[in-house]
Amino acid sequence: MLSLDLSCDLAGIGALGVGVLHNPAIPGLLKADPGLVDYIAITPDMFWTDYGPGSGDRFIELESWTDFLDWATGRLPFVAHSIGLSLGSAEFSDDTYVEQLAYWHRRYGFLWHSDHLSFAQVRSASGFEQHAGMAVPLPFDEEVLDMVAARVRALRLRFPSPFLVENAVVYLDFPDQDMTEPEFLNGLVRQGDCGLLLDLHNLYTNARNHRFDASAFLRALNLDAVVEVHVAGGSEFAGMYTDSHAGRCPEPVWLLLEEIMPRTPNLKGITFEFHDSYFPRLGADGVQEQLARARAIWSRYRVQ
Amino acid sequence: MSLTSFQRALCDLIASPRLCLALRANPDATLAPYELSARERKRLTTLVWQRGMSTNCTLYRSNRITPIYTLLNYTCLALGSQFGILIDQFWEVKDYRDGQFKSEVERFGIFLRQRIANGVIVSPFVGELLDFELARNELEFTPRKQVLRTIAHLGPPKADTPCRLHPLARLVRFRHDPRVVLSAAADGIMPPLDLPVTEVLVVLSVMDGALTVMQLAGATLFRSDNAASALMAWPAPQFAPALADAGLLVPFTATDGAPSATVHVV
């Protein structure tokens, strides 16, 4: 079940179909064939240089990147997938950054906004904000749930469209957690009044590394809350399978997508992610093939 | 406070394989600076034995090296075997406040310039390649259209008009033939160490959109951080014909403020 507010917000958004997460390889692909996708997911943080809190002109946009958004406006809808909210930080707030995101909502009309269930900002012993160098996972504890849910509720008021939280990729195994990951995510949906961005490749990566049953995870998850799904590829690195977005989506991830399609009534879109450094190997044909695969699954379950 | 401290400890461990090893060997002493609950302490002492912690440490290093290697590729190449030692020293500073590529690269640039000044850097090509790549990055991150709008009202300077360098251009002084050094770097190699020393001024510009690099004819100008002369800080076209001819001078206006670098005419 979803809250009335979130249900109403979602009711106003039609099912989109298949999208792609923007990277420097995307403009060329979409300018050649705008019909390749039904929407574009963008990470706003990648479109500007952030000179940090206290700077006069803090956010300086990268014109070569925003030129593409100007081209795409009116052709394709946008959804936002930020990386800077650091939802899980014990102590962190950056109102100017949130306002910048809200400004971009007004400017580009994002249909929803998502960020990650992790943290990247941490306060150093001397009181300064430090960057963690990566998205650091959170233990699934009551204390953490209360904190993240409160932050998500506050953010919901700042953005005009639904807010989603993405399940994280986790290479660590925190002992003695209060709850399982599906219990935590379900609790977050309830307390935070948010939806879920279900990253099936993150789930696959975690299940493969920590040897658990991804299907059992999905059975325990409130799939009504899933608004967007991410699919991607990965690779072996440093002794584990990693979520490196290294090209084609592995077969088990497509199977997980098939599995959830009949049980995700609020799903609006499937987004394919790849890192542009792998584009030379994947090629335009490879991207088209992955998007076509996602579209075939989408159509089988959504198009009558 | 406990969760804050736990997160700080976890991040410190991810950033330092050495700290992970210390925690394995001596948990009490290693965790003494952190205010942790018993459960958090137990978690951290468990995590440092997990394969996933090694993965995180490697991912951290990979994430931090990516902007430097991407945006200072020639500099890294010129550093050669010194790169590994220097990057470890750079990370020891623990001044990583954001994940921004530009600021990370600029911090590393400041760090390297200190090492160059101290005579630590072996390769004679590091300084000029660093200056070149920092200038190129600065231009590529500059909002070109916005800058062009702000200077659109300025007409062409007269011969005696005080000027400044066009905001979409940078000057870089090479101490070796830039064609030899840059083409070798593009091929992934370094020129021979006995390449003749010569002063050459190179202009980088994004005035027309794409980055252009050109060598100014003759060593008539050089860039200096010593802003000793007001006249030289704002050179008129008659004193800097090479820059003026290349369209690289724009009239100085009162809002320009102090020069960040002075153009000297010799």
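All figures in this text were calculated on a predicted structure; none of them were measured in a lab.

Peer 1: In this structure, what is going on with the overall build of chain A? I would like to understand it.
Peer 2: Within chain A, the regular secondary structure consists of ten helices and 14 strands. Here chain A has a C-alpha radius of gyration of 18 Å; the compact-globule value for 304 residues is 19 Å, and the two agree. Its C-alpha atoms put chain A at 50 × 50 × 45 Å along the principal axes. The buried share of chain A, taken over its 304 residues, is 46%.

Peer 1: Help me understand the packing of helix 1 (residues 2–15) of chain B against helix 5 (residues 51–71) of chain B, please; the structure alone is not making it clear to me.
Peer 2: Helix-helix packing is described using two parameters, namely the angle between the two axes and the distance between the axes. Residue and element names in this part refer to chain B. Closest axis-to-axis distance for the helix 1/helix 5 pair is 7 Å, and the angle between their directions is 75 degrees. In terms of orientation, helix 1 and helix 5 fall into the roughly perpendicular class. The segment helix 1 lies against helix 5, with Leu13, Ile14 and Ala15 engaging Met53, Asn56, Cys57 and Tyr60. Its residues placed into classes, the contact of helix 1 with helix 5 shows six nonpolar, one polar and no charged.

Peer 1: Which parts of the structure should I look at to understand the environment of Val287 of chain A?
Peer 2: Residues and elements named next belong to chain A. By the secondary structure assignment, Val287 is in helix 10 (residues 279–302). Given 21 C-beta atoms within 10 Å, Val287 falls into the buried group. Distance in space between the C-alpha atoms of Val287 and Phe174 is 36 Å, their sequence separation being 113 residues. Those residues in contact with Val287 that lie beyond four places of it in its chain are Leu29, Phe274 and Leu282.

Peer 1: Got a minute to help me understand the packing of helix 5 of chain B against helix 8 (residues 101–117) of chain B in this structure?
Peer 2: Residue and element names in this part refer to chain B. Packing of helix 5 against helix 8 brings their axes to within 9 Å, and their N-to-C directions diverge by 75 degrees. Here helix 5 lies roughly perpendicular to helix 8, going by the angle between them. On helix 8, the residues touching Pro67, Ile68 and Leu71 of helix 5 are Phe101, Glu104, Val105 and Phe108.

Peer 1: Looking at this structure, how should I read helix 5 of chain B?
Peer 2: Given 3.6 residues per turn, any residue in an α-helix points the same way as the ones three and four places further on. All names here are of chain B. Spanning 21 residues, helix 5 covers 31 Å between terminal C-alpha atoms, matching the ideal 30 Å at 1.5 Å per step. Helix geometry: helix 5 is bent most strongly at Ile65, by close to 30 degrees, with proline Pro67 lying one to four residues after it. Turning to helix 5, its buried residues are Met53, Thr55, Asn56, Cys57, Leu59, Tyr60, Arg64, Ile68 and Leu71.

Peer 1: Is there a simple way to think about the interface of chain B and chain A in this case?
Peer 2: Where interface size is quoted, it is often the accessible area lost as the parts come together. On the chain A side, the residues contacting the 36 residues of chain B number 35 residues. Residue contributions to the side of chain B that touches chain A peak at eleven residues, all from helix 5 of chain B. Here the residues of the side of chain B that touches chain A are counted per class, giving 13 nonpolar, twelve polar and eleven charged.

Peer 1: Is there a simple way to explain the pairing of strand 2 (residues 39–42) of chain A in this structure?
Peer 2: Here is the key point about a regular strand: its side chains alternate between the two faces of the sheet. All names here are of chain A. Every second residue of strand 2 is oriented toward a common face, with Tyr39 and Ala41 on one face and Ile40 and Ile42 on the other, all of them buried. Across three bridges, the pairing between strand 1 (residues 17–21) and strand 2 is parallel. Looking at strand 2, one finds that Gly19 is bridged to Tyr39. In this region the chain leaves strand 1, passes through helix 2 (residues 26–32) and returns to the parallel neighbour strand 2; the handedness of that crossover is right-handed.

Peer 1: Could you clarify how one ought to interpret unusual backbone geometry in this entry?
Peer 2: Outside of glycine, negative phi angles account for most residues, and trans bonds account for most peptide bonds. All names here are of chain A. The phi dihedral of Asp176 falls on the positive side, at around 60 degrees, and the residue is not glycine. Structurally, Asp176 can be placed in the loop between strand 9 (163–166) and helix 6 (181–192). Although it is not a glycine, His245 adopts a positive phi angle of roughly 60 degrees. With respect to the helices, strands and loops of the structure, His245 is situated in the loop between strand 13 (240–242) and helix 9 (251–260).

Peer 1: Could you clarify how one ought to interpret the sheet that holds strand 10 (residues 195–199) of chain A in this entry?
Peer 2: Strand pairing in a sheet is mediated by backbone hydrogen bonds. Such pairs are either parallel or antiparallel. All names here are of chain A. If you trace the eight strands once around the closed barrel, you get 1-2-5-6-9-10-11-14, paired in parallel fashion. Here the average twist between neighbouring strands, direction ignored, is 25 degrees. Summarising the sheet, strand 1 and strand 14 (residues 269–273) pair through four bridges and their orientation is parallel. From the neighbouring strand, Val20 faces strand 14, where its bridge partner is Phe272.

Peer 1: When you look at the sheet that holds strand 4 (residues 212–215) of chain B in this model, what are you seeing that I'm missing?
Peer 2: Residues and elements named next belong to chain B. On the basis of which strands lie adjacent, the open sheet formed by three strands has the order 2-3-4 and antiparallel pairing. Only two strands of the sheet have a single partner each, and these edge strands are strand 2 (169–174) and strand 4. In this sheet, adjacent strand axes meet at a mean angle of 25 degrees when their direction is disregarded. Running over the sheet, helix 9 (residues 126–140) touches strand 2 and strand 3 (200–205) and is turned about 175 degrees from strand 2.

Peer 1: Mind showing me how you'd approach the nonpolar core here?
Peer 2: For soluble globular proteins, the rule of thumb is that nonpolar side chains tend to be buried together. Leu188, Leu196 and Val231 of chain A together with Ile14 of chain B are the most contacted members of the largest nonpolar core, which totals 103 residues. Looking at which element gives the most residues to this core, the answer is helix 1 of chain B, with eight residues. Apart from the residues within four sequence positions on either side, Leu196 of chain A is in contact with Leu164, Val165, Leu185, Val189, Ala225, Val226 and Val227 of chain A. Counting 36 residues, the second-largest nonpolar core is a separate cluster that includes Ala135, Cys163, Phe174 and Val203 of chain B.

Peer 1: Got a minute to help me understand the pairing of strand 5 (residues 78–81) of chain A in this structure?
Peer 2: Residue and element names in this part refer to chain A. Residues Phe78 and Ala80 of strand 5 are buried on one face, and the alternating residues Val79 and His81, pointing to the opposite face, are buried as well. Examined bridge by bridge, strand 2 and strand 5 share three bridges and lie parallel to one another. Bridged to Ala41 within strand 5 is Val79. Crossover strand 5 to strand 6 (residues 113–116) through helix 4 (residues 95–108) is right-handed.

Peer 1: Is there a simple way to explain the confidence of the model for chain B in this structure?
Peer 2: In low-pLDDT segments, the atomic positions of the prediction should not be examined closely. Residue and element names in this part refer to chain B. Mean pLDDT over chain B stands at 86; residues scoring 70 or higher make up 88%. This model gives residues 219–232 a pLDDT under 50, and the stretch forms 33 contacts once residues within four places in sequence are excluded. Counting interchain partners and residues more than four positions distant, the pLDDT-below-50 stretch residues 260–266 has 24 contacts.

Peer 1: Would you take a moment to explain the environment of Pro250 of chain A for this structure?
Peer 2: Residue and element names in this part refer to chain A. Mapped onto the elements, Pro250 comes out in the loop between strand 13 and helix 9. The spatial distance from the C-alpha of Pro250 to the C-alpha of Leu223 is 22 Å, given a sequence separation of 27 residues. Other than its neighbours up to four places away in sequence, Pro250 contacts Tyr204 and Gly233.

Peer 1: Mind showing me how you'd approach the environment of Gln177 of chain A here?
Peer 2: All names here are of chain A. In this structure, Gln177 sits in the loop between strand 9 and helix 6. A residue is classified by how many C-beta atoms lie within 10 Å of it, and Gln177, with 18 of them, is partly exposed. A sequence separation of 36 residues divides Gln177 from Asp141, and the C-alpha atoms of the two residues are 5.7 Å apart. Setting aside residues up to four positions removed in sequence, Gln177 forms contacts with Pro139, Phe140 and Asp141.

Analysis parameters
Residue positions within a chain follow its written sequence, with the count starting from 1. Here every chain gets a letter starting at A, and every ligand a number starting at 1, in the order they are written. Local features are withheld for residues below a pLDDT of 70 in this predicted model, meaning they are given only at 70 or higher, and side-chain atom pairs are given and counted only at 80 or more; totals for whole chains, interfaces and linings count all residues. A helix here means a DSSP run of H or I that spans at least four residues, while a strand means a run of E at least two residues long, and both kinds are numbered starting from the N terminus. With the radius of gyration taken over C-alpha atoms, the globule rule is written as 2.2 Å times the number of residues to the power 0.38. Counts of 20 or more other C-beta atoms within 10 Å of a residue's own C-beta define buried residues, counts of 12 or fewer define exposed ones, and intermediate counts define partly exposed ones; C-beta atoms are placed from the backbone. Axis geometry follows a simple rule: fit a line to the C-alpha atoms, using only the stretch in contact for helices, then measure angles between N-to-C directions, giving values from 0 to 180 degrees. When an angle is under 35 degrees it counts as roughly parallel; over 145 it counts as roughly antiparallel; between 65 and 115 it counts as roughly perpendicular; any other value is oblique. Once C-beta atoms have been placed from the backbone, residue pairs whose C-beta atoms lie within 7 Å are recorded as contacts. Note that Gly is not counted as nonpolar here; it falls among the polar residues with everything else outside the nonpolar set of Ala, Val, Leu, Ile, Met, Phe, Trp, Tyr, Cys and Pro and the charged set of Asp, Glu, Lys and Arg. A helix is expected to span 1.5 Å multiplied by its residue count minus one. To get the bend at any residue, fit one axis to the seven residues that end at it and another to the seven that begin at it, then take the angle between the two axes. The pairing criterion is simple: DSSP has to find at least two bridges between the two strands. With strands facing away from the observer, any crossover in which the path from the first strand over the helix to the second runs clockwise is taken as right-handed. Residues of type Ala, Val, Leu, Ile, Met, Phe, Trp, Tyr and Cys that are buried and joined through C-beta atoms within 7 Å form what is called a nonpolar core. Confidence scores per residue from the predictor, reported as pLDDT, run from 0 to 100.

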